[in-house]
Amino acid sequence: MTAANTVEGEPVVAPRRGFRFVLRHLRRDPWASAGAVVIAVFVLAAVFAPLLTGITGQDPYTYHLNLLDDSGAPKGWGGGISARHWFGVEPLNGRDLFSIVVYGARISLLVGISATVISVLIGVLVGVTTGFFGGWYDRVVSRVVDVMFGFPVLVFLIALTAIVPSGVPRPVFMILVIGFFGWPSISRVIRGQAMSLRERSFVTASTAMGAGSWRVAFTQVLPNVTATIIVYTTIMVPSMIGFEAALSFLGVGVPPPTPSWGRTIGEAIGWVQTDPTYLVFPGAALFLITLAFNVLGDGLRDALDPKGARR
Amino acid sequence: MTMLRFLSTRLLGMLIVLVVVATVTYAVFYLLPTNPAQLACGRPCTPDNLARAEAFMGTDLPWWRQLWEFLSGIVTGRSFGHGDAAVLCAAPCFGYSFQQNASVTDLIVSRFPVSASIAIGAAILWLVAGVAGGVVSALKRGTWIDRTVMTVAIAGVSAPSYLVGLLAILIFGFTLGWLPTGGYVPFTEDPVQWFVHLVLPWCTLAFISAAIYARLTRGQMIEQMGEDYIRTARAKGLTEGRVVTRHGLRNAIIPVVTIFGLDLGALLGGTVITEKVFSMQGLGALLIDAVHQLDLQLVVGFTLFAAFLIVVANFVVDLLYVFVDPRVKAAA
């Protein structure tokens, strides 16, 4: 680590936490950089989905029954791959698979990132307050966290889909419930940091100067846990994406015809033998985005935790 | 004596958690605007029929009476309706599915062997494979073995189990024809076929968790093997194998046990997915069908059963700690 801090002849000892240090560390980590690039590509694809599918003049909703044989399987090699249908077409209705995968990125990233934001907001609020204030409030919340940690979340999520009011759009519902169940892990980490920060002299100083405890918690403690928040946000996104995909895979997530990787993979079960590309493309997309977030998260964690780095 | 006190406080804590979980689950599902009696009443649903359905199910009672009936039903059993039409739900009664005319407990018991076969086998497999992979990786740190194990591990962490499962079906089932592509054969019917049908589901479900455990074990192992007591053990002249297993692993395994306790909850969710991939009629299929048919009694009963199972399993893991980590015994 000391060697890293004298790079470019800078005698100044760089702070080991903080954004600049993290960025510098990341740039030297090829895997994490690759992860960041893949994420950027997926985000751009999701944002510009209509433009991207517009190149071949396709959309994820139009049926192309003429491209299917009598059994409903796509005609031609690789599930009907052609210049017009880059990933082939869906069995049974002939919708363009490339469009479905590109538009699927929208729902995946939307649910994944929104749910993460909700989890992080709740987790940070709970973590900072329990760690900073302590007392009976901390003890009660800690018990709740204990219970939620071991809770069969997926089972509960599936069960909840049975009672969702029909007026609530399914993606919104999924964001809310997936987000609600994700906060315990980050809250526990933030709590630990808030507890140690509470004892630091700048916090005592702030209190001594007459700042109220809420003010101290949010102006002194919170800014010092931002790095942790960023790492945990990155690590959390793939698991949230996984929950959306799993629910859609099981047929209780995003309803058709909205494209969703998980649902397409679920529908591909019956076609594994006859049309494997139907599984491979959405599967590869889901795998790649998850892998990208995981390696980026790993890189960020290494950057922020010098002890764990270079293992 | 202290051990007894440790046990009784844990037991009491578990009971409180169970009651709280039951209350919250019950509240979430029954205080929402969806009326189970309305769903069960059928069409056309006359007010008369609705009232009868509500009285039969007990949903006409105030919420605290409903909750009490439900909780006491778990302990003593209960009945729905009166006279000849009464339906008995024997203890432990987790509710009654009016759509399937069976108690939730009976339905769960009938499907339990399928899911338990998948879950237990997979758990054993991933514990063994994950810990072994992590230990080997840590001892051969920096070599190609380490890099291979860790690459497979991060891929494993990122691959959804259903994707792994479907690819496994494609490769080992359809292309190579080595293993069946789905279905379940009861152990009592044909143990060999039971095993053959479960190989792919086990590997599928175990793959991801094994990857997580390998990463965790490796990190722990590297940390422990650098400690002073390892040097002491070597200096005493112990064989390297004994140093690794009795001293290094013994300490490295403690956080693995913690994670294992937490993963039991995810295990049940994992079987839901695995069952769909391999078309097995286990608990997962029961739950998904119940959701699609809006069989709320079954959904609530199932969720509670799942929560209870996890809480009890965590209690068992807590007890395991006592054996794995002597410090816990000392503290107790």
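Fair warning: this is a prediction, and the values are worked out from it, not measured in the lab.

Parameters at a glance
- Residues numbered from 1 in each chain as written.
- Chains lettered and ligands numbered in written order.
- Predicted model: local features only at pLDDT ≥ 70, side-chain atom pairs only at ≥ 80, totals over all residues.
- Helix = DSSP H or I, 4+ residues; strand = E, 2+ residues; numbered from the N terminus.
- Buried ≥ 20, exposed ≤ 12 C-beta atoms within 10 Å, placed from the backbone.
- Contact = placed C-beta atoms within 7 Å.
- Nonpolar A, V, L, I, M, F, W, Y, C, P; charged D, E, K, R; others polar.
- Expected span 1.5 Å × (residues − 1).
- Bend = angle between axes of the 7 residues up to and from the residue.
- pLDDT = per-residue confidence, 0-100.
- Domains from an automatic or database assignment.

**Student:** What's the story with the overall build of chain A in this structure? I'm lost.
**Tutor:** Tallying secondary structure elements over chain A gives 14 helices and zero strands in all. Ordering the α and β elements of chain A from the N terminus gives α-α-α-α-α-α-α-α-α-α-α-α-α-α. Here chain A holds 311 residues, and 46% of them are scored as buried. A separation threshold of at least 6 residues defines the contact pool for chain A, and within that pool the share at least 24 residues apart is 71%.

**Student:** Even after reading the chapter, I still don't get the interface of chain B and chain A, so can you show me in this structure?
**Tutor:** By convention, interface size is frequently given as the accessible area that disappears when the constituent parts associate. Between chain B and chain A, the residue contacts involve 42 residues of the former and 38 residues of the latter. Of the residues assigned to the side of chain B that touches chain A, the class counts are 33 nonpolar, eight polar and one charged.

**Student:** Before we go on, may I ask you to explain helix 7 (residues 161-175) of chain B in this structure?
**Tutor:** Spacing of three or four residues puts side chains on the same side of an α-helix, whose turn is 3.6 residues. Compared with the 21 Å implied by 1.5 Å per residue over 15 residues, the 20 Å span of helix 7 of chain B between its first and last C-alpha is a close match. The sharpest bend along helix 7 of chain B measures roughly 25° and falls at Ile169(B).

**Student:** Before we go on, may I ask you to explain the confidence of the model for chain B in this structure?
**Tutor:** Where the model shows low pLDDT, its predicted coordinates should not be examined in detail. Residue and element names in this part refer to chain B. Here chain B averages 79 in pLDDT, while 90% of its residues score no lower than 70. For chain B, per-element mean pLDDT is lowest for helix 13 (residues 326-331), which scores 62, and highest for helix 11 (residues 283-292), which scores 86. The ipTM assigned to the predicted complex is 0.77, against a pTM of 0.81.

**Student:** Just to check I follow, could you spell out the domain arrangement of chain B for this structure?
**Tutor:** Residue and element names in this part refer to chain B. When the domains of chain B are assigned, the result is domain 1 (2-104) and domain 2 (107-331). Computed over C-alpha atoms only, the centres of domain 1 and domain 2 are separated by 33 Å. Counting residues at the interface gives 20 residues for domain 1, matched by 19 residues for domain 2. Those elements that provide at least two residues to the side of domain 1 that touches domain 2 are helix 1 (2-30), helix 2 (36-41) and strand 3 (96-97). No other element matches the nine residues that helix 1 contributes to the side of domain 1 that touches domain 2. Across the side of domain 1 that touches domain 2, the residue classes tally to 14 nonpolar, five polar and one charged.

**Student:** How do you make sense of the environment of Val87(B) when you look at a structure like this?
**Tutor:** When you line up the elements, Val87(B) lands in strand 2 (residues 87-89). Taking the C-alpha atoms as reference points, Val87(B) and Asn101(B), separated by 14 residues in sequence, lie 8.9 Å from one another.

**Student:** Help me out: how do you make sense of the environment of Val114(B) in this one?
**Tutor:** All names here are of chain B. With respect to the helices and strands, Val114 occurs in helix 5 (residues 104-139). Owing to 22 C-beta atoms within 10 Å, Val114 belongs among the buried residues under this scheme. Sequence separation between Val114 and Met280 is 166 residues, and the spatial gap between their C-alpha atoms is 7.5 Å. Once residues within four sequence positions are removed from consideration, Val114 is found in contact with Tyr184, Met280, Gln281 and Gly282.

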